[in-house]
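# Architecture and fold: a report
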Amino acid sequence: SQKIEQNSEALNIQEGKTATLTCNYTNYSPAYLQWYRQDPGRGPVFLLLIRENEKEKRKERLKVTFDTTLKQSLFHITASQPADSATYLCALDNSGNTPLVFGKGTRLSVIA
Amino acid sequence: NAGVTQTPKFQVLKTGQSMTLQCAQDMNHNSMYWYRQDPGMGLRLIYYSASEGTTDKGEVPNGYNVSRLNKREFSLRLESAAPSQTSVYFCASSEASGLVYEQYFGPGTRLTVT
């Protein structure tokens, strides 16, 4: 069956360290993968999109990798800050059957 | 430029009651979506509209109907609410339904069915 797994429900990290979040998928062949941020009580906000032929994408302190062999995307936040605390969702396409399919998210807490 | 707006923000229904959740976007987007988000289940697609005049089922369409009223508005109707429909509902839009397009989400509607 198809599955998207995000490493853990919650991740705690010290301020200034690099946070690494994982998105693994099974029985999908996505051409694209997106990452979103969701704050409590709000809708998700788009952060980054990476295509299957791109190994890495960066935006300020954010870096995303996409390994179609491992069926995995890694999302890094360098020099993390308490303001980075939120839930991060990965989403991928389902080969045209339906629009984006979302993972359950990882709740990141950056501790000062 | 308000982005995606949803009404109401909160709603409590009794089992069997009906209601319509409203969604509007002012970004001239072609595609619109309805999701529900439940603890431990993540975001699940209920229905979507790739363009004005079309609607398609998503992962969890049972118990819901939708109307793409015009390019701006996409409503979600619960004909006979059930406790299992207690959830947070998000509307989203994107420039087109191509998978390269990011989605813009509304603030959500918290629905409780008793």
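Residues numbered from 1 in each chain as written. Chains lettered and ligands numbered in written order. Predicted model: local features only at pLDDT ≥ 70, side-chain atom pairs only at ≥ 80, totals over all residues. Heavy atoms only, no water.

## Some details on the overall build of chain A
Looking only at helices and strands, chain A features zero helices and eleven strands. Counting from the amino terminus, helix and strand elements in chain A follow one another as β-β-β-β-β-β-β-β-β-β-β. For 112 residues, the compact-globule formula gives about 13 Å, and the C-alpha radius of gyration of chain A, at 13 Å, lands near that figure. For chain A, the share of sequence-separated contacts (at least 6 apart) that also reach a separation of at least 24 residues comes to 55%. Total accessible area computed for chain A in this model is approximately 5,600 Å², and 45% of it derives from carbon and sulfur atoms. (Helix = DSSP H or I, 4+ residues; strand = E, 2+ residues; numbered from the N terminus. Rg over C-alpha atoms; globule rule 2.2 N^0.38 Å. Contact = heavy atoms within 4.5 Å. Areas by Shrake-Rupley, 256 points an atom, 1.4 Å probe, with all protein chains shown as cover.)

## Quick word on the nonpolar core
Counting 24 residues, the largest nonpolar core has Ile4, Leu33, Trp35, Phe75, Ile77, Tyr88 and Leu108 of chain A as the members making the most contacts within it. Those elements giving two or more residues to this core turn out to be strand S3 (19-26), strand S4 (32-38), strand S5 (45-51), strand S7 (62-67), strand S8 (72-77), strand S9 (86-92) and strand S11 (106-111) of chain A. Filtering out sequence-adjacent residues up to four positions away, Leu108 of chain A remains in contact with Leu11, Ile13, Ala19, Ile77, Asp84, Ser85, Ala86 and Tyr88 of chain A. In terms of nonpolar packing, the next biggest core, distinct from the first, is built from 20 residues, Met19, Ile46, Tyr89 and Val113 of chain B among them. (Core = buried A, V, L, I, M, F, W, Y, C linked by side-chain atoms within 4.5 Å. Buried < 20%, exposed > 50% of the residue type's maximum accessible area, 1.4 Å probe, protein only.)

Take it as geometry only, folks, not as evidence of what the structure does.
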